[in-house]
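Tertiary structure, described
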Amino acid sequence: QVQLVESGGGLVQAGGSLRLSCTASGVIFRVLTMAWYRQAPGKQREVVAVITSGGRTNYADSVKGRFTISRDNAKNTVYLQLNSLKPEDTSVYYCNVDPPISAYWGQGTQVTVSS
C-alpha cells in the first residue's frame, strides 16, 4: 500500500538545475523523517539529503551548498532542489524514509549531467 513516486529527473548540462519531487501515499507523512538517496551503476546507494518531521535538514558533504531538501506535508511531498550540478551527480535518485524501509523503494528518477 505504501508508495513513493519520484519525478523531475532529466538531462542537464553541468552547472544546471533540476527539482525532484517525491509524493508519498499510504503513510502518515507528517511524522516521518524523509530522505533522498542516489545510486549510480556499480556504486552503493548513498543518502544525499535528510529532512525530519520538524524540518531539520542534513546533507552529504558532496552536495552541501548545492542541494536543498524541503517538504510540503499538506501535499505529502518531499522535494530536492539540485543546483550547480556536476557530472558526478549523475545517478538514479530515490526517496524513502530514514532509515530506509526496503519495501518502500520506488522506481526512482534518473538525473544525467553532461560535461
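From a predicted model like this one, the values you see are computed outputs, not experimental measurements.

1. Thoughts on the nonpolar core
Within the largest apolar cluster, 27 residues are counted, with the highest numbers of intra-cluster contacts made by Trp36, Val78, Leu80, Leu82 and Tyr93. Those elements giving two or more residues to this core turn out to be strand E3 (18-25), strand E4 (34-39), strand E5 (46-51), strand E7 (67-72), strand E8 (77-82), strand E9 (91-97) and strand E10 (109-114). A total of four residues in this core trace back to one element, the largest contributor, which is E3. In contact with Tyr93, not counting residues within four places along its chain, are Glu6, Leu20, Trp36, Tyr37, Arg38, Phe67, Leu80, Leu82, Gly108, Thr109 and Val111.

2. A look at the pattern of salt bridges
Tallied over the entire structure, the rule returns four salt bridges. Measuring nitrogen to oxygen at the nearest pair gives 3.0 Å for the salt bridge that ties Asp89 to Arg38. Within this pair, whereas Asp89 is found in the loop between E8 and E9, its partner Arg38 is found in strand E4, the two being separated by 51 residues in sequence. In this structure Arg38 comes out as buried when scored by relative accessible area, which is 6%. Residues Arg66 and Asp89 are paired through a salt bridge, measuring 2.7 Å at the closest nitrogen-oxygen approach. On the criterion of sequence distance, the pair formed by Arg66 in the loop between strand E6 (57-59) and E7 and Asp89 in the loop between E8 and E9 is long-range, its members being 23 residues apart. Asp89 gets classed as buried once you look at its relative accessible area, which sits at 1%.

Calculation criteria
Residues numbered from 1 in each chain as written. Predicted model: local features only at pLDDT ≥ 70, side-chain atom pairs only at ≥ 80, totals over all residues. Heavy atoms only, no water. Core = buried A, V, L, I, M, F, W, Y, C linked by side-chain atoms within 4.5 Å. Buried < 20%, exposed > 50% of the residue type's maximum accessible area, 1.4 Å probe, protein only. Helix = DSSP H or I, 4+ residues; strand = E, 2+ residues; numbered from the N terminus. Contact = heavy atoms within 4.5 Å. Salt bridge = Lys/Arg side-chain N within 4 Å of Asp/Glu carboxyl O.

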